[in-house]
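Letter by letter, the chains look like this.
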Amino acid sequence: MAKELNVEVVAADRKVWSGSASIVIARTPDGEVGVMAGHEPVLAVLVTGPVTVRTADGGAVVAAVSGGFLSVSEDRVAVLAEQAVLAEEVDAVGVEAEIAQLQGADDEAARQWAEARLGVASHR
């Protein structure tokens with residue numbers, strides 16, 4: 001049996017998801033990083049976008065995160081985000097309306113966060 005990761009996805013205001021996984025894939029300023037059991041310890045900055053967790057039972061959990069950090073140590077992975085939402089929690093119609101309202105606005109961070117949530121909504 002392959003070793004598993006103990007994973008937690010945490011936002012500033014709540015624990016979003018936790019469980020066992022075979023791999024975690026997240027985006028950093030330098031590109032995507034994949035973490036499997038036995039990975040060297042690492043602390044990485046996350047950029048706004050999806051985090052994919054392949055669960056130990058073969059499923060997938062997809063979350064949108066807005067900034068934060070990825071911490072890996074001894075087969076434990078912590079995704080610590082300013083904001084995080086699971087794909088099934090995203091109201092795609094509401095987010096599309098939010099994106100429309102942001103057209104022409106100077107709030108690049110808000111637009112990126114809305115686009116990240118819309119991007120993961122298809123992973124329900």
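You'll find the structure just up there.
The structure presented is a predicted model; accordingly, all values stated were derived computationally and were not measured.

Draft legend 1. Seen up close, the overall build of the protein. What the protein contains, in helices and strands, is two helices and nine strands. Starting at the N terminus, the α and β elements of the protein follow one another as β-β-β-β-β-β-β-β-β-α-α. Its C-alpha atoms give the protein a radius of gyration of 15 Å, near enough to 14 Å, the size a compact globule of 124 residues would have. Looking at the protein residue by residue over its 124 residues, the buried ones come to 38%. The long-range share in the protein, meaning contacts at least 24 apart out of those at least 6 apart in sequence, stands at 52%. Of the roughly 6900 Å² that the protein leaves accessible, carbon and sulfur atoms contribute 50%.

Draft legend 2. Seen up close, helix α2 (residues 108-121). Over its 14 residues, α2 runs 20 Å from end to end, which matches the ideal 20 Å to within 8%, given 1.5 Å per residue. Regarding α2, the residues found buried are W113, A114, A116, R117, V120 and A121. The arc that holds the buried residues of α2, viewed along the axis, is 160 degrees, so those residues lie on one side. Next to the buried residues of α2 lie β5 (49-55), β6 (60-66), β9 (83-86) and α1 (92-102).

Draft legend 3. Expanded view of the environment of D57. Mapping D57 onto the fold places it in the loop between β5 and β6. Sequence separation between D57 and A21 is 36 residues, and the spatial gap between their C-alpha atoms is 7.9 Å. A distance of 2.5 Å separates a polar atom in the side chain of D57 from a polar atom in the side chain of T55.

Draft legend 4. Here's a closer look at the pattern of salt bridges. The tally for this structure, following the rule as stated, stands at seven salt bridges. The salt bridge involving K15 is made with E8; its shortest N-O contact spans 3.1 Å. Relative accessible area serves as the criterion here: at 31%, E8 is assigned to the partly exposed category. E89 serves as the salt-bridge partner of R14, at 2.7 Å between the closest nitrogen and oxygen. Taken as a pair, R14 in strand β2 (residues 14-28) and E89 in the loop between β9 and α1 lie far apart in primary sequence, 75 residues in all. Overlapping salt bridges bring together E108, R111 and E115 as one network.

Draft legend 5. Inspection of the packing of α1 against α2 at higher detail. For the pair α1 and α2, interaxial distance at closest approach is 9 Å and the crossing angle is 155 degrees. Between α1 and α2, the angle is such that the two are roughly antiparallel. Helix-helix and strand crossings are classified by hand; for α1 and α2 the assignment is left-handed. For the pair formed by α1 and α2, the contact residues are A92, V95, E96, E98, I99 and L102 on the first element and A110, R111, A114, E115, R117, L118 and A121 on the second. Classifying every residue of the contact of α1 with α2 gives eight nonpolar, no polar and five charged.

Rules used throughout
Residue positions are given per chain, counting from 1 as you read along its sequence in written order. Confidence filtering applies because this is a predicted model: local features only for residues at pLDDT of at least 70, side-chain atom pairs given and counted only at 80 or more, and all residues used for totals across whole chains, interfaces and linings. Where side-chain values are given, they derive from all heavy atoms of the structure, hydrogens and water being excluded. Strands are runs of DSSP state E lasting at least two residues, helices are runs of H or I lasting at least four, and both sets are numbered from the N terminus onward. Radius of gyration: C-alpha atoms only; globule rule: 2.2 Å multiplied by the number of residues to the exponent 0.38. Only protein chains enter the accessibility calculation, which uses a 1.4 Å probe; a residue whose area is less than 20% of its type maximum is buried, one above 50% is exposed, and one in between is partly exposed. Two residues qualify as a contact provided that any one of their heavy atoms is within 4.5 Å of a heavy atom in the partner residue. Residue exposure ignores everything except the shown protein chains as possible cover, and the areas themselves are Shrake-Rupley values with a 1.4 Å probe. Here a helix's expected span is defined as the number of its residues, less one, multiplied by 1.5 Å. Arc definition: it is the arc formed by the directions from the helix axis to the C-beta atoms. Polar contacts, as counted here, are pairs of nitrogen or oxygen atoms within 3.5 Å of one another; within protein the pair requires one atom able to donate a hydrogen and one able to accept it, and residues that are adjacent in sequence qualify only if both atoms are side-chain atoms. Definition used for salt bridges: Asp or Glu carboxyl oxygen within 4 Å of a side-chain nitrogen of Lys or Arg. Axis definition: a line fitted to C-alpha atoms, limited for helices to the stretch in contact. Angles are taken between N-to-C directions and run from 0 to 180 degrees. By definition in this entry, angles of less than 35 degrees are roughly parallel, angles greater than 145 are roughly antiparallel, angles of 65 to 115 are roughly perpendicular, and the rest are oblique. By definition, turning the near helix anticlockwise from the far helix through less than a right angle yields a left-handed crossing, and turning it clockwise yields a right-handed one. Three categories are distinguished: nonpolar for Ala, Val, Leu, Ile, Met, Phe, Trp, Tyr, Cys and Pro, charged for Asp, Glu, Lys and Arg, and polar for the others, with Gly belonging to the last.

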